[in-house]
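Structural overview for review
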Amino acid sequence: MDRVVLMLSVMSLGVSSQPITDGQRLFSIAVSRVQHLHLLAQRLFSDFESSLQTEEQRQLNKIFLQDFCNSDYIISPIDKHETQRSSVLKLLSISYRLVESWEFPSRSLSGGSAPRNQISPKLSELKTGIHLLIRANEDGAEIFPDSSALQLAPYGNYYQSLGTDESLRRTYELLACFKKDMHKVETYLTVAKCRLSPEANCTL
């Protein structure tokens, strides 16, 4: 049975006789990883919103729209047209920086449930995969001349002792930003992966 499934999987790749490269395999794994993280981020944010009163949701959403995520300091495409015009290497580099920016804040998202405890290790695996993809396209030293410069400070005073209202706002901000950034990385990696298939339509 397993053999049949394997054969069908190979056949479903299309009529092209081109073999799947290691780069394509690595891209597929990276996209799968970030899709999992994005879905997890959506679920955590939705669960948190559901625990709030209607007025709390309204106020927090209003505040968040006026606020910025730490990762907003990372220069990235402003719209889908610029994303499609960006090179594979640029999309990989931005994705790496976005994932790296969550190394420390993600620790505050862990704990309390099994899904939350998956975040940090999954981010680490994704970061490693993207770095390998970057090295496959160009020398990593040229992309990251000073890795310490890429690390953003943890989210404000999130780790300090805060009042109930402020703590609520920080949690909302953290979850909303995590969801937003995982969506960005998913988009960038999907477009970059699509570029490996000349016959594919990479329109967003």
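Attention in this report is confined to the structure presented alongside it. One numbering rule holds for all chains: residues counted from 1, following each sequence as written. Where totals are concerned, whole chains, interfaces and linings use all residues; where local detail is concerned, this predicted model gives features only for residues with pLDDT of at least 70, and gives and counts side-chain atom pairs only at 80 or more. Values shown for side chains rest on all heavy atoms present in the structure; no hydrogens or waters enter the calculation.

On to the packing of aromatic side chains, then. We call Phe, Tyr and Trp rings a pair once their centres come within 6.5 Å, taking the six-membered ring for Trp, and we label the pair stacked below 30 degrees between planes, edge-to-face above 60, and tilted otherwise. Within this structure, the stated rule accounts for three aromatic pairs. Their ring planes at 55° and their centres at 6.5 Å tell us that Phe 48 and Tyr 172 sit as a pair that is tilted. Taken together, the positions of Phe 48 in helix α2 (residues 22–50) and Tyr 172 in helix α9 (residues 164–194) put the pair 124 residues apart, joining distant regions of the chain. Three or more aromatic residues joined by ring pairs form one cluster here, namely Phe 45, Phe 48 and Tyr 172. Counting from the N terminus, the helices are the DSSP runs of H or I reaching at least four residues and the strands are the DSSP runs of E reaching at least two.

Next up on the list: the pattern of salt bridges. Only one rule defines a salt bridge in this text: a Lys or Arg side-chain nitrogen within 4 Å of an Asp or Glu carboxyl oxygen. What the rule picks out here adds up to six salt bridges. Linking Lys 90 and Glu 82 is a salt bridge whose minimum nitrogen-to-oxygen distance equals 4.0 Å. Where salt bridges share partners, they join Glu 100, Glu 103 and Lys 127 into one cluster.

Let's shift gears to the packing of α2 against helix α7 (residues 114–137). Running from N to C, α2 and α7 cross one another at 150°; their axes reach a closest spacing of 10 Å. As summarised for this structure, α2 and α7 are arranged roughly antiparallel, according to the angle between their axes. Handedness of the crossing formed by α2 with α7: left-handed. Contacts from Gly 23, Leu 26, Phe 27, Ala 30, Arg 33, Val 34, His 36, Leu 37, Leu 40, Arg 43 and Leu 44 of α2 reach α7 at Pro 115, Arg 116, Gln 118, Ile 119, Lys 122, Leu 123, Glu 125, Leu 126, Gly 129, Leu 132 and Leu 133. For this classification, the nonpolar set comprises Ala, Val, Leu, Ile, Met, Phe, Trp, Tyr, Cys and Pro, the charged set comprises Asp, Glu, Lys and Arg, and every other residue, Gly included, is treated as polar. Considered class by class, the residues forming the contact of α2 with α7 number 13 nonpolar, four polar and five charged. Orientation is described by lines fitted to C-alpha atoms, with helices fitted over the stretch in contact, and by angles between N-to-C directions that extend from 0 to 180 degrees. By definition in this entry, angles of less than 35 degrees are roughly parallel, angles greater than 145 are roughly antiparallel, angles of 65 to 115 are roughly perpendicular, and the rest are oblique. Handedness of a helix crossing follows the sense of rotation of the near helix relative to the far helix, less than a right angle counterclockwise being left-handed and clockwise being right-handed. Here, residues are in contact when the closest pair of their heavy atoms is within 4.5 Å.

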